[in-house]
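# Structural characterization, general
Spelled out, the chains give:
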Amino acid sequence: MSISGIQGLPFEVTVVGCYNLEDKEWISRQDPYVCLEYGNAKYRTKTCTDGGKNPTFQEKFIFTLIEGLREMNVMVWNSNTLVADDLIGSGRIQLHKALSQGFDDCTWPIQSKSGRHSGEVRLILHYSNASYATQPQKFKTKLAPSVPAYAPSAPFTQVSPYGHPPAAPPAPYPTPMPYAAPSHHNSYSTSTATYPPSPYAGYPPQAPATGYPPQAPPACYPPQTYPPPPQASTYYPPAPTGIYPPPPY
């Protein structure tokens, strides 16, 4: 796949570390560091003192891409104090995957001057201007899926979960009539019905109609006159008529 238009764009390289390096020290542990070369740009990491065969760096560098240049050189050295530094190994880093996909995390082998395998170096390559059109399908799946074209659907038919048509909606509640103030005249209709006769209407009990007025007692009973005639007292004699004051007894 051809990649063009990268001239002058930034390209990030992170040196993570090295693994299984050839040991250049006989007595103490070696002190490795890594150098990167791309065109005329050269960078190196800090020396990992006593890093031995598996040093760790975690350093990031930014290069400026050159049109047509798709590889980078890497070299791993052992730092010495009294003599020149020792080359542990070197290798070539291919940038095609990082330029097309935008990211590449890989371990690259290095070789000694004699061509023997002398270890690996792990690099993380990042290119933020990679085109999504040149990325493989696994990167395209991160994009939102396209929305299908709109097609008119069939009329919606509601299915009742009870197996029979739904009941009709209830009739609207009737609007209440406006309240009218009660009239003070003829507000109550006069009832012509009479109340039932009181159970106490015959109290005191009336004499039968046939016996009214009361009949006279039987003839054997002496009738009395009112007021009764005066009778002579057995205790006091009647006074003489026409004499006042009465004479002494």
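Presented here is a report on the structure given in the accompanying data block. Bear in mind that the values here come from a model prediction, so they are computed numbers and not experimental data. (Residues numbered from 1 in each chain as written. Predicted model: local features only at pLDDT ≥ 70, side-chain atom pairs only at ≥ 80, totals over all residues. Heavy atoms only, no water.)

Let's shift gears to the nonpolar core. If you look at the biggest cluster of nonpolar residues, it comprises 30 residues, and the most contacted ones within it are Phe11, Leu36, Met72 and Leu123. Where this core is concerned, the elements lending two or more residues are strand 1 (10-19), strand 2 (32-38), strand 4 (56-64), strand 5 (71-78), strand 6 (86-94), helix 1 (96-101), strand 7 (103-111) and strand 8 (117-126). For this core, the leading source of residues is strand 1, giving 4 residues. Other than its neighbours up to four places away in sequence, leucine 36 contacts Val13, Val15, Ala41, Lys42, Tyr43, Phe61, Phe63, Met72, Asn73, Val74 and Leu123. (Core = buried A, V, L, I, M, F, W, Y, C linked by side-chain atoms within 4.5 Å. Buried < 20%, exposed > 50% of the residue type's maximum accessible area, 1.4 Å probe, protein only. Helix = DSSP H or I, 4+ residues; strand = E, 2+ residues; numbered from the N terminus. Contact = heavy atoms within 4.5 Å.)

The tally for this structure, following the rule as stated, stands at 5 salt bridges. Measuring nitrogen to oxygen at the nearest pair gives 3.6 Å for the salt bridge that ties arginine 116 to glutamate 22. With arginine 116 in the loop between strand 7 and strand 8 and glutamate 22 in the loop between strand 1 and strand 2, this residue pair connects regions lying 94 residues apart in the sequence. A relative accessible area of 53% means that arginine 116 is categorised as exposed. Judged by its relative accessible area of 23%, glutamate 22 is partly exposed. Residue arginine 122 is joined to aspartate 105 by a salt bridge in which the shortest nitrogen-to-oxygen separation is 2.9 Å. With arginine 122 in strand 8 and aspartate 105 in strand 7, the pair connects residues that are 17 residues apart, well separated along the chain. The exposure class assigned to arginine 122 is partly exposed, which follows from its relative accessible area of 26%. (Salt bridge = Lys/Arg side-chain N within 4 Å of Asp/Glu carboxyl O.)

Shape is all these values report; function is a separate question.
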